[in-house]
Amino acid sequence: MFCKNGVRLLGNLQRTSILSCVARNQVALRGISSSTVVRDSFKVQDMDDFKDKVLNSEVPVVVDFFATWCGPCRLLTPRIETVIAEKNGKVNLAKVDIDELTDLAFEYDQNWFQVTSVPVLISMKGGKETERMIGLQDADKLRSFVSRLSPEKK
């Protein structure tokens, strides 16, 4: 797309180029994206929230320990959200930012998580850890991981 002043607008634009076109009352196209809403996913806010939504959950929960600065964590998030959404409420996803809830991730002393690297996924059923998966995983491995937590009945 071109503005009337001859500035060519491509995918990776500088903000000033777009703003100069808009400031001259010219229309610039912009892309719109959408994503699936994951209703079975939540971010853990504090230890009480973790106890209420994870330990006392009636449905199995996958706990995703992540960090905002972690590249593999950012790649894993949409994959695990998609897999959890496929379970249609039979499994929930709890996201724990290790920088915000350090005590939960590292220092909980009752034979708990001891997260030593991120990303790590921990499956929980009845308030107990059942399995752990460390690192970036492909969607097939994630489906297998979640399916072991909540197998399909035939």
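Only a predicted model underlies this, so the values are computations on that prediction, with no experimental measurement involved.

Procedures and definitions
Residues numbered from 1 in each chain as written. Predicted model: local features only at pLDDT ≥ 70, side-chain atom pairs only at ≥ 80, totals over all residues. Heavy atoms only, no water. pLDDT = per-residue confidence, 0-100. Contact = heavy atoms within 4.5 Å. Pairing = 2+ DSSP bridges. Helix = DSSP H or I, 4+ residues; strand = E, 2+ residues; numbered from the N terminus. Axes fitted to C-alpha atoms, helices over the stretch in contact; angles between N-to-C directions. Buried < 20%, exposed > 50% of the residue type's maximum accessible area, 1.4 Å probe, protein only.

Caption draft 1: View of the confidence of the model for the protein. The share of residues in the protein with pLDDT of 70 or more is 69%, and the mean pLDDT across the chain is 78. Confidence drops under a pLDDT of 50 for residues 1–29, and excluding neighbours within four residues, the segment shows 20 contacts in the predicted structure. Across residues 33–38, where pLDDT falls below 50, the model places one contact with residues more than four positions away in sequence or in other chains.

Caption draft 2: Quick look at the sheet that holds strand β5 (residues 128–134). Sheet architecture is open: five strands sit in the order β1-β3-β2-β4-β5, paired in mixed fashion. Each edge of the open sheet carries a strand with a single partner, namely β1 (41–43) and β5. Averaged over neighbouring strand pairs, the angle between their axes works out to 20 degrees when direction is ignored. Where strand β2 (residues 61–66) meets strand β4 (residues 120–125), five bridges bridge the pair, whose relative direction is antiparallel. Residue pairing for β4: phenylalanine 65 is matched across the bridge by valine 120. Seen against the sheet, helix α3 (residues 71–86) touches β1, β2, β3 (92–97) and β4 and runs at an angle of roughly 160 degrees to β3.

Caption draft 3: Seen up close, unusual backbone geometry. For the bond running from valine 118 to proline 119, omega is -5 degrees, close enough to zero to count as cis. Following the sequence through the fold, proline 119 ends up in the loop between α4 (102–107) and β4. Phi at asparagine 88 takes a positive value of approximately 50 degrees, unusual for a residue other than glycine. Locating asparagine 88 in the fold gives a position in the loop between α3 and β3. Judged by its relative accessible area of 66%, asparagine 88 is exposed.

Caption draft 4: Broad picture of the pairing of β4. Counting buried residues along β4, five of its six residues qualify, which places the element largely inside the surrounding structure. Pairing analysis gives six bridges linking β4 to β5, with the strands arranged antiparallel. Residue leucine 121 lies in a different strand from β5, and its bridge partner there is methionine 133. Here β4 folds back onto β5 in antiparallel fashion, the turn holding two residues, of which glycine 126 has a positive phi close to 60 degrees.

Caption draft 5: Region of interest: the side chain of asparagine 92. For asparagine 92, the position within the fold is in strand β3. In this view, asparagine 92 contacts Asp40, Phe42, Ser57, Val59, Pro60, Val61, Val62 and Ile84; residues no more than four positions away in its chain are not counted.

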